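In case you want the letters, here they are:
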Amino acid sequence: MQLSESSARAADNAPRLMELKELLRSELIAILATVRGSKALVLDKELSGALSAVVDFDVLKEHGVEKIFLLEAGPLNAGELKGVIYLVQPHVQKMKMIAEQIRAGSQGEAGREHSVQLVPRRTLLCERVLEEEGVLGDIVLGEYGMDAVPLEVDLVSLEQPGLFKQLYLDGDFSGIQYVARALMRLQSVYGMFPRILGKGDFAHVLAHSLTRMRHELALSGAAGDGAAISSTFDSVVIIDRAVDLVTPLLTQLTYEGLVSEVYGIANGTVTLGGEGGETTSAGRRKRVVLNSSDAVYGEIRDMNFGGVGSLLSQMTRQLQSTYESRHKAKTVQEIRSFVGRLGGLQAEHHSLKAHVSLAETILRRTQSDDFTALLDLEQTLVGGSDLNREQFAFVDRLFALADPLAHVPGIDGEARDTPLATAPNTLHKVLRVLCLYSLWRGPSFKQKTYDAWYDEVVAAFGHCHTITLNNLCRVGLLAPPSAAKSGTPAATRRDTAATLDKPQQDVGLLGLAEPSTLPRASVHSNRLSFLRKALNLLTGEEDADDVSYVYSGYAPISVRLLQCLVHDPAVYTPASSSRYASLLRPLGDSWARTAAPRDSQGAGGVKGGWSGWDDVLAELPGMTVDLTQVPQDSGGSAAASDEMVRRLGEKAPATLVVFLGGSTSTEVAALRRLSQQHGHRYVVATTQMLNGNALLDPLVQHKG
């Protein structure tokens, strides 16, 4: 089949991300070597998952690490170890915790070495805090640039959780510099990105930060391998999360997405246990690692959950048949062959057992009336309709049966028990519904409905959430009807709302007073309704070849934007068969006149850029980016150099897609489907893997 051939080509053309992992491992080993003798490693909890993807414990043990601790308040029990190395993010509170432990340790263990390595960068603020705490002279302060961590062959973590809130609510733009440094590291390994494209205000800032850093590096004479045009990546496409706020709020319907929604994935693992869950022989809950090293998980992770059960059943029967084949082994050679496969079969057996347990719990959730009602509500909104009476009654029940203390998957650590068949009505669940309604209904959101829901949130979850609602309004996730009609962001209109005016700032590269999550040149009263038609966001569940399969018929806007750049036929239909022909690309664009076959191999890689998509881009927030990076020694005219670089870039086998503010498992799954169809690898670099809960949680005002 052509799809399997394309998939094989995409796999062959995969960038060798192990080079990046080896670089990070060697830097870590060099840090370990700075402390002599036996040592303890104290990890920031947020870094433990990324570090495990870089190096395993055996390597750490070879270089003197005998104990590993997570950074927590209180004294550190390092015993007789000669040194302690801290790997932590540069946060003030964490510096104070480290200082307290160092002071306590200096009283009991004289001569112990302490090394504090800030990840990914050393900051002046943290240095000042350590100095004020009186421990700066007792430590070695450095940095460990773990800012681009390969998690899979096509997935890189940029280790910037909560970036969306930092950028659009706090006005803290330092995260952009961290991301830019991470991408510069990638360029140093794989060569200069020939082309930078993007959408969103901070995509614009990041693009110009990259070009400025490269220019400064060239002037210093230290560009090295990064000065050559990349033979791996044809371009980098930067998607600001503000461009597509809808996708994370929807319920993910792939297997991995539903594991995230139901259990919550923390540091690449999920925990089974509690009533009805699988436990170890010692009675402890079992931790399951979710990555491509698990062959079973690699097969089912990106599937729509509707097909997972039958595949797991088929894999179980095949495994059982393989076990039964031992009875047919007659000769010594046949017996030896079976014994040699036994270890792999046992690993597959344990993996199948774990994923069957996960799938059974998820199946109970998806078969519940609550899940069906929520999914029906979401599909009604993305379809362009208002909620009916039963659906409004469902929203009322969310408030009436609110459970403020329930576990929120992906937010407050691992679940203590096996998830219930019916999801509890947490604040995050309610807010996702309200934000979805506000985004899709736009100016049709009635003031009366908004006021009623506002009062219900405050009554059900506490008055502190007036600040939460205000935060949602300020970042554009929730728009009061008056603000939606005027097309400008506004604070909540309720008299009880907290007014926390954000000071006007000059972002410099933007040339604007303030970045926005709303479009500045929109001509449609309901922009999402226009985008639904123009980008063919709704395809129907029967279209299994389209990326919309990840949401059973809805295609993420972020992925559709990439399809615009690569000229994928899924983003338009022939004028003769569509009543939305006036919304399609102008007929002057020859490639848009007729729809190519879905399995067309000409769609891989970035082609003509944003040309022809002005109507769509006008309805999306933020600035548009299309830059060509020309080598300093290229010579000749700028136009000729641009053309040369673009021709060279089009031969590269992969495209780097950067999600600035986080991406969902479903978006990654959709891009993997495109890689299979195009025979061209799309590598995702994301600041955070998230679901709707993780997007909203930094904006929630927590009590105490």
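Residues numbered from 1 in each chain as written. Predicted model: local features only at pLDDT ≥ 70, side-chain atom pairs only at ≥ 80, totals over all residues. Heavy atoms only, no water.

Chemist: Mind showing me how you'd approach helix α11 (residues 255–262) here?
Modeler: For the α-helix, the turn length of 3.6 residues means that residues three or four positions removed from each other point alike. In terms of residue burial, α11 counts as a mostly covered element, since eight of its eight residues are buried. What α11 keeps buried is the set Y255, E256, G257, L258, V259, S260, E261 and V262. Positive phi appears at G264, one or two residues downstream of α11, with a value of about 95 degrees. (Buried < 20%, exposed > 50% of the residue type's maximum accessible area, 1.4 Å probe, protein only. Helix = DSSP H or I, 4+ residues; strand = E, 2+ residues; numbered from the N terminus.)

Chemist: I would appreciate a short explanation of the sheet that holds strand β4 (residues 113–118) in the present structure.
Modeler: What holds strands together in a sheet is hydrogen bonding between their backbones, with the strands either parallel or antiparallel. The five strands lie next to each other as β2-β1-β3-β4-β5, forming an open sheet whose pairing is parallel. Single-partner strands in this sheet number two, and they are β2 (65–70) and β5 (140–143). The sheet shows a mean angle of 20 degrees between the axes of neighbouring strands, taken without regard to direction. For β4 and β5, the ladder comprises four bridges, and the chain directions are parallel. Residue pairing for β5: S115 is matched across the bridge by V140. Packing of helix α2 (residues 18–33) onto the sheet brings it into contact with β1 (39–43), β2, β3 (83–88), β4 and β5, and relative to β3 it is tilted by some 145 degrees. (Pairing = 2+ DSSP bridges. Axes fitted to C-alpha atoms, helices over the stretch in contact; angles between N-to-C directions. Contact = heavy atoms within 4.5 Å.)

Chemist: What is the right way to read the packing of aromatic side chains from this model?
Modeler: How two aromatic rings sit relative to each other is given by the distance of their centres and the angle of their planes. A full pass over the atoms with the stated rule returns 15 aromatic pairs. When the ring of Y437 is compared with that of W453, the centres are 5.1 Å apart and the planes differ by 75 degrees; the resulting orientation is edge-to-face. Taken as a pair, Y437 in helix α17 (residues 427–441) and W453 in helix α18 (residues 447–461) lie far apart in primary sequence, 16 residues in all. You'll find Y437 and W453 in the same group, each marked buried. Put simply, the rings of F392, Y437, F445, Y450, W453 and Y454 touch in pairs and so form one group of aromatic residues. Here the guanidinium or amino end of R673 rests over the ring plane of Y549, the centre of that ring lying 4.2 Å away. (Phe/Tyr/Trp six-rings, centres within 6.5 Å; stacked < 30°, edge-to-face > 60°. Lys NZ or Arg CZ within 6 Å of the ring centre and 35° of its normal.)

Chemist: What should I look at first to understand the confidence of the model for the chain in this one?
Modeler: Close reading of the predicted structure is inappropriate where its pLDDT is low. Per-residue pLDDT for the chain has a mean of 83; in total, 78% of the residues score no lower than 70. When pLDDT is averaged over each element of the chain, helix α10 (residues 246–249) comes out on top at 97 and helix α1 (residues 2–12) at the bottom at 50. Ignoring residues within four places in sequence, the model shows residues 490–507, a span with pLDDT below 50, making 47 contacts including any to other chains. Every residue in residues 573–601 is under pLDDT 50, and counting partners more than four places away or in other chains gives 45 contacts. (pLDDT = per-residue confidence, 0-100.)

Chemist: In this structure, what is going on with the sheet that holds strand β7 (residues 155–157)? I would like to understand it.
Modeler: Strand order in the open sheet formed by seven strands is β6-β7-β14-β13-β9-β8-β12, with mixed pairing between adjacent strands. Each end of this open sheet is capped by a strand with a single partner; those strands are β6 (149–152) and β12 (624–628). For this sheet, the mean inter-axis angle between neighbouring strands, taken without regard to orientation, is 20 degrees. Pairing between strand β13 (residues 654–660) and strand β14 (residues 681–686): six bridges, direction parallel.

Chemist: Looking at this structure, I do not really get the side chain of S438. What am I missing?
Modeler: Positionally, S438 belongs in helix α17. Beyond its immediate sequence surroundings of up to four residues, S438 is in contact with F445, L477, L478 and A479.

Chemist: Please clarify how unusual backbone geometry should be interpreted in this entry.
Modeler: Note: most peptide bonds trans; most residues except glycine with negative phi. A cis amide bond links V119 to the next residue, P120, at an omega of 5 degrees. In this fold, P120 is placed in the loop between β4 and α6 (124–132). Even without being a glycine, N536 presents a positive backbone phi close to 55 degrees. Mapped onto the elements, N536 comes out in the loop between α21 (527–534) and α22 (557–565).

Chemist: How should the nonpolar core be read in this particular structure?
Modeler: Nonpolar side chains in soluble globular proteins generally cluster together in the buried interior. Among the nonpolar cores identified, the biggest contains 118 residues, and L477 and L656 are the most heavily contacted of them. Looking at this core element by element, the count peaks at ten residues for α17. Beyond its immediate chain neighbours, meaning those up to four positions away, L477 contacts F164, L245, L249, C435, S438, L439, L472, L695, L696 and L699. Membership of the second largest hydrophobic core comes to 27 residues, among which are L290, L319, L352 and A359. (Core = buried A, V, L, I, M, F, W, Y, C linked by side-chain atoms within 4.5 Å.)

Chemist: Is there a simple way to think about α21 in this case?
Modeler: Among the eight residues that make up α21, seven are buried, leaving the element largely enclosed by the rest of the structure. Every buried residue belonging to α21 is among R527, L528, S529, F530, L531, R532 and A534, and all of these are buried. Contact partners of the buried residues in α21: α10, α15 (369–382), α17, α22 and α23 (614–618). Residue N536 follows α21 closely and has a positive phi angle near 55 degrees.

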